[in-house]
Amino acid sequence: MTALSQPAGTRWETGRVSAAALIAAIGLALLVGQAQVRLVEAAASAWVLASLGIVRAHALGTVVVFHLDNGFFGFSLTPGCTAAFLISPFFFLLAGTLMAAPRIAVRRALVTLATISALLFIVNQLRFMVFAASVRAWGFQTGYERSHVFLGTIASTLGLVAALLLFLAVLSRGRRSADAAVGDRS
């Protein structure tokens with residue numbers, strides 16, 4: 001009888017490559033399915049705006065509508081407005097690529113991706129809150145210009161930079177420190 005053995009690292013590396021491919025596939029799915037993400041974002045935005053008392057808002061598909069003194073206003077979450085386009089290419093696809101390298105701990109990459117995804121979703125919701133509050137405070141034209149063009153861009157940029165710095169800081173530690181934390185049981 002001959003025993004076939006597989007090098008110890010082979011199964012782990014196959015799992016690592018599979019996890020990396022899965023993360024990259026999720027990133028692509030976010031891009032392809034961004035319309036569904038926008039539906040969730042619109043519903044969340046309407047709920048947040050109403051819950052915080054900024055405006056009584058309702059989601060109609062990917063549009064968030066609210067009433068002000070002289071009529072109905074709102075915003076439409078276009079493909080360029082969704083957090084999916086902030087999260088997917090910069091983080092899921094990049095993390096999927098980096099996870100294939102043995103230096104990056106898979107668990108750390110997954111936790112970092114979840115954290116960054118939540119952070120960018122929240123930043124996007126803050127953008128929508130700023131828009132609604134600005135339109136309520138300054139009227140549609142001035143509120144739109146100040147919030148969408150200026151304040152919204154600042155919020156998105158700061159959120160993206162913070163997420164990128166977090167991503168680089170956590171993933172740059174490498175696998176060695178993650179393995180040491182769990183006792184290097186390989």
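These numbers were taken from a predicted model, which means no experiment stands behind them. (Residues numbered from 1 in each chain as written. Predicted model: local features only at pLDDT ≥ 70, side-chain atom pairs only at ≥ 80, totals over all residues. Heavy atoms only, no water.)

(A) Region of interest: the overall build of the protein. Summing up its helical and strand segments, the protein has six helices and three strands in all. The secondary structure elements of the protein, listed N-terminal to C-terminal, are α-α-β-β-β-α-α-α-α. Across the 186 residues that make up the protein, the buried fraction comes to 38%. Summarising the internal contacts of the protein: among those between residues at least 6 apart in sequence, 70% fall at separations of at least 24. Split by element, the accessible area of the protein, about 10,600 Å² in all, is 69% carbon and sulfur. (Helix = DSSP H or I, 4+ residues; strand = E, 2+ residues; numbered from the N terminus. Buried < 20%, exposed > 50% of the residue type's maximum accessible area, 1.4 Å probe, protein only. Contact = heavy atoms within 4.5 Å. Areas by Shrake-Rupley, 256 points an atom, 1.4 Å probe, with all protein chains shown as cover.)

(B) Representation of the packing of helix 2 (residues 34-51) against helix 4 (residues 106-138). Close contact between helix 2 and helix 4 brings their axes to 10 Å; oriented N to C, the two are set at 55°. As summarised for this structure, helix 2 and helix 4 are arranged oblique, according to the angle between their axes. Helix 4 is crossed by helix 2, and the crossing has right-handed handedness. Contacts between helix 2 and helix 4 involve Val-40, Glu-41, Ala-44, Ser-45, Val-48 and Leu-49 from the former and Phe-121, Asn-124, Gln-125, Phe-128, Met-129 and Ala-132 from the latter. (Axes fitted to C-alpha atoms, helices over the stretch in contact; angles between N-to-C directions. Parallel < 35°, antiparallel > 145°, perpendicular 65-115°, else oblique. Left-handed = near helix turned anticlockwise from the far one by under 90°.)

(C) Representation of a nonpolar patch on the surface within the structure. A surface patch of nonpolar side chains, about 750 Å² in accessible area, is lined by Trp-138, Phe-140, Tyr-144, Val-149, Phe-150, Leu-151, Ile-154 and Leu-158. Turning to its location among the elements, Trp-138 is positioned in helix 4. Look at Trp-138 and you get partly exposed, because its relative accessible area is 42%. (Patch = residues over 30% accessible without salt bridge, like charges linked within 9 Å, V, L, I, M, F, W, Y side chains within 5 Å. Salt bridge = Lys/Arg side-chain N within 4 Å of Asp/Glu carboxyl O.)

(D) Main features of the pairing of strand 2 (residues 63-68). Where burial is concerned, the two faces of strand 2 differ: the one with Val-64, Phe-66 and Leu-68 is buried and the one with Val-63, Val-65 and His-67 is not. As paired elements, strand 1 (residues 57-60) and strand 2 share four bridges and run antiparallel to each other. Considered in strand 2, the bridge of Ala-57 is made with Phe-66. From the end of strand 1 to the start of strand 2, which pair antiparallel, there are two residues, and Gly-61 there has a positive phi angle of about 70°. Pairing analysis gives six bridges linking strand 2 to strand 3 (residues 71-76), with the strands arranged antiparallel. Bridging from a neighbouring strand, Phe-66 pairs with Phe-73 of strand 3. (Pairing = 2+ DSSP bridges.)

(E) Quick peek at the side chain of Arg-38. Looking at where Arg-38 falls in the secondary structure, it is placed in helix 2. Comment: no salt bridge for buried Arg-38; closest opposite-charge side chain is Glu-41, at 6.6 Å. Here the side chain of Arg-38 touches Leu-77 through a polar contact of 2.6 Å, landing on its backbone oxygen. Setting aside its immediate chain neighbours within four residues, Arg-38 contacts Thr-62, Leu-77, Thr-78, Pro-79 and Thr-82. (Lys, Arg positive; Asp, Glu negative; His and termini not counted. Polar contact = N/O pair within 3.5 Å; in protein donor to acceptor, adjacent residues only side chain to side chain.)

(F) How the structure looks around helix 2. Over its 18 residues, helix 2 runs 25 Å from end to end, which matches the ideal 26 Å to within 8%, given 1.5 Å per residue. Along helix 2, the residues classified as buried are Gln-34, Arg-38, Glu-41, Ala-42, Ala-44, Ser-45, Ala-46, Val-48 and Leu-49. Of the residues flanking the end of helix 2, it is Gly-53, one or two places downstream, whose phi is positive at about 75°. (Expected span 1.5 Å × (residues − 1).)

(G) Broad picture of the packing of aromatic side chains. Taken as a whole and judged by the stated rule, the model has six aromatic pairs. Ring centres 5.4 Å apart and planes at 20° place the aromatic pair Phe-73 and Phe-140 in the stacked group. Of this pair, Phe-73 sits in strand 3 while Phe-140 sits in helix 5 (residues 140-171), and the two are 67 residues apart along the sequence. Exposure remark for Phe-73: the relative accessible area of 19% places this residue in the buried category. Consider the rings of Phe-75 and Phe-131, whose centres lie 5.2 Å apart with planes at 85°: the pair is edge-to-face. On the criterion of sequence distance, the pair formed by Phe-75 in strand 3 and Phe-131 in helix 4 is long-range, its members being 56 residues apart. When its relative accessible area of 6% is taken as the criterion, Phe-131 is described as buried. Here a set of aromatic residues connected by ring pairs shows up, and it is made of Phe-66, Phe-73, Phe-75, Phe-128, Phe-131, Phe-140 and Tyr-144. A cation over a ring is seen here: Arg-146 above Trp-138, with NZ or CZ 4.5 Å from the ring centre. (Phe/Tyr/Trp six-rings, centres within 6.5 Å; stacked < 30°, edge-to-face > 60°. Lys NZ or Arg CZ within 6 Å of the ring centre and 35° of its normal.)

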